[in-house]
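Notes for the structure review
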Amino acid sequence: MSTHPVARTGRRIALAGAVALTATLALAAPAAAHAEVEADKAQALAENATLSFVSEAESDSAGFTELRIVLPEGIAPGDVTLEEAPKGWKLKATDDGYTVGGSALKTGVDAEYKIKVRQLPDAKEIAFKTIETYSDGKVSRWIELPDGGADPEQPAPVLELKAAAPGAKPVSPSPTESETPTPTPTATESDVAAAGSDSDSDSDTKGAEEDDSDSTGLIIGGVIVALLVVGGGAWWLVKRRTASPPS
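Residues numbered from 1 in each chain as written. Predicted model: local features only at pLDDT ≥ 70, side-chain atom pairs only at ≥ 80, totals over all residues. Heavy atoms only, no water.

Regarding the overall build of the protein
Quick reminder of the rule: Strands here mean DSSP runs of E at least two residues long; helices mean DSSP runs of H or I at least four residues long; both are numbered from the N terminus. Any two residues whose heavy atoms approach within 4.5 Å at even a single point are treated as in contact. The method behind every accessible area is Shrake-Rupley, applied with a 1.4 Å probe, and residues are considered shielded solely by the protein chains displayed.
Scanning the protein from terminus to terminus reveals 2 helices and 11 strands. Beginning at the N terminus, the succession of helices and strands in the protein can be written as α-β-β-β-β-β-β-β-β-β-β-β-α. Look at the contacts in the protein between residues 6 or more apart in sequence, and 69% of them connect residues 24 or more apart. Only carbon and sulfur atoms are counted for the fraction: they give 57% of the accessible area of the protein, which is about 17,300 Å².

Focus: the packing of aromatic side chains
Worth spelling out the cut-off: Here a Phe, Tyr or Trp ring, Trp counted by its six-membered ring, pairs with any other such ring whose centre lies within 6.5 Å, and the pair is stacked when the planes are under 30 degrees apart, edge-to-face when over 60, and tilted otherwise. Burial classes: relative accessible area under 20% of the type maximum marks a residue as buried, over 50% as exposed, and values in between as partly exposed (1.4 Å probe, protein chains only).
Across all of its chains, the model carries 4 aromatic pairs by this definition. On the numbers, 5.3 Å between centres and 80° between planes, the contact of Phe-53 with Phe-128 is edge-to-face. Here Phe-53 is found in strand β2 (residues 47-55), whereas its partner Phe-128 is found in the loop between β8 (125-127) and β9 (129-134), with 75 residues between them in sequence. Residue classification places Phe-128 among the buried positions, given a relative accessible area of 0%.

Some remarks on the sheet that holds strand β6 (residues 97-101)
The following threshold applies: Strands pair, by our definition, only if DSSP identifies at least two bridges between them. Comment: axis = line fitted to C-alpha atoms, over the contacting stretch for helices; angle = value between 0 and 180 degrees taken between N-to-C directions.
Here 5 strands make up an open sheet; going across it, the order is β5-β6-β3-β9-β10 and the pairing antiparallel. Strands with a single pairing partner mark the edges of an open sheet, and in this sheet they are β5 (90-93) and β10 (139-142). Here the average twist between neighbouring strands, direction ignored, is 15°.

Observations concerning the nonpolar core
Basically, it comes down to this: Think of a nonpolar core as a cluster: buried Ala, Val, Leu, Ile, Met, Phe, Trp, Tyr and Cys residues, connected wherever their side-chain atoms sit within 4.5 Å.
Grouped together as the largest cluster of nonpolar side chains are 26 residues, with contacts concentrated most on Leu-51, Tyr-98, Leu-120 and Phe-128. Broken down by secondary-structure element, the contributors of at least two residues to this core are β2, β3 (64-70), β6 and β7 (111-119). Here this core takes 4 residues from β7, the largest share from any one element. When near neighbours in sequence (up to four residues on either side) are disregarded, Tyr-98 contacts Phe-53, Leu-67, Arg-68, Ile-69, Leu-71, Val-80, Leu-91, Lys-92, Ala-93, Tyr-113 and Ile-115.

Side note on the side chain of Thr-130
Definition in use: Counting of polar contacts relies on pairs of N or O atoms within 3.5 Å, with two restrictions inside protein: one atom must be capable of donating a hydrogen and the other of accepting it, and residues adjacent in sequence are counted only when both atoms are side-chain atoms.
Along the polypeptide, Thr-130 turns up in strand β9. The exposure class of Thr-130 is buried, given its relative accessible area of 2%. Polar contacts involving the side chain of Thr-130 include one to the main-chain carbonyl oxygen of Phe-128, which spans 2.9 Å. In contact with Thr-130, not counting residues within four places along its chain, are Ser-55, Arg-68, Ile-69, Ser-140, Arg-141, Trp-142, Ile-143 and Pro-157.

Observations regarding the pattern of salt bridges
Worth spelling out the cut-off: When a carboxyl oxygen of Asp or Glu is within 4 Å of a side-chain nitrogen of Lys or Arg, the pair counts as a salt bridge.
With the rule as written, the count across this model stands at 2 salt bridges. Its salt-bridge partner being Arg-68, residue Asp-96 comes within 3.0 Å of it at the nearest N-O pair. Here Asp-96, found in the loop between β5 and β6, pairs with Arg-68, found in strand β3; they are 28 residues apart in sequence, far enough to count as distant. Note on Asp-96: relative accessible area 32%, which makes it partly exposed. When the shortest N-O distance is used, the salt bridge between Lys-116 and Glu-83 registers 3.3 Å. One end of the pair, Lys-116, is in strand β7; the other, Glu-83, is in strand β4 (residues 80-84), and 33 residues separate them in sequence. With a relative accessible area of 29%, Lys-116 lands in the partly exposed category.

Concerning the confidence of the model for the protein
Note the threshold: In predicted models, pLDDT denotes the confidence assigned by the predictor to each residue on a 0 to 100 scale.
Summing up the model confidence of the protein, the mean pLDDT is 75 and the portion of residues at 70 or higher is 57%. pLDDT under 50 marks residues 176-213. Its contacts with residues more than four places away, or in other chains, come to 1 contact.

Okay, structure coming up:
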């Protein structure tokens, strides 16, 4: 009996198995990540870690102008500084993360940049929800998180972290701009001015009293003089009549 038919049958079975395996792996593979993140220190509580981000260009007619990132819990916007970015791009803090952007990149050019984080949080993995904006206004949102079911269609960049090093501790929160305290009033110009006002009032009152006293004295003196004049005139008249001889 010839062994050729058996060999051919074996090859066909092997080929069919390979095709089936390839199809199974393709279906099981996660969706391609169009926004990714890596770290030089992918470890919980690592300090001054550099994170590298890549957003793959998808538009055939426009380039990236801005990427907006929502930071995971445990990283504050003030803890992030820009290390590298496309020429002219700048980082601006937002309430829940930051934006990095500038002049539009060329069509088909991926957006790549690096940030430094003051300290990574104590977590197993952290996600950086990313919203990409193109020069023609198109927006791509890579913000979906895995929920234990099917892989998300637009997954957010996720960074897996190793356990924290022995003895690693969270650093103190970033210092915030303290409010300028309102100066406490002391014995300053305002107090001096107030005191001066009181003194002036007292002086004015005393001056008014003295003026009143002077005026009263003048009036009394005038009355006395008038009485003396009237009295003297009356005495002179009486004496003259007495001295006149009878007619």
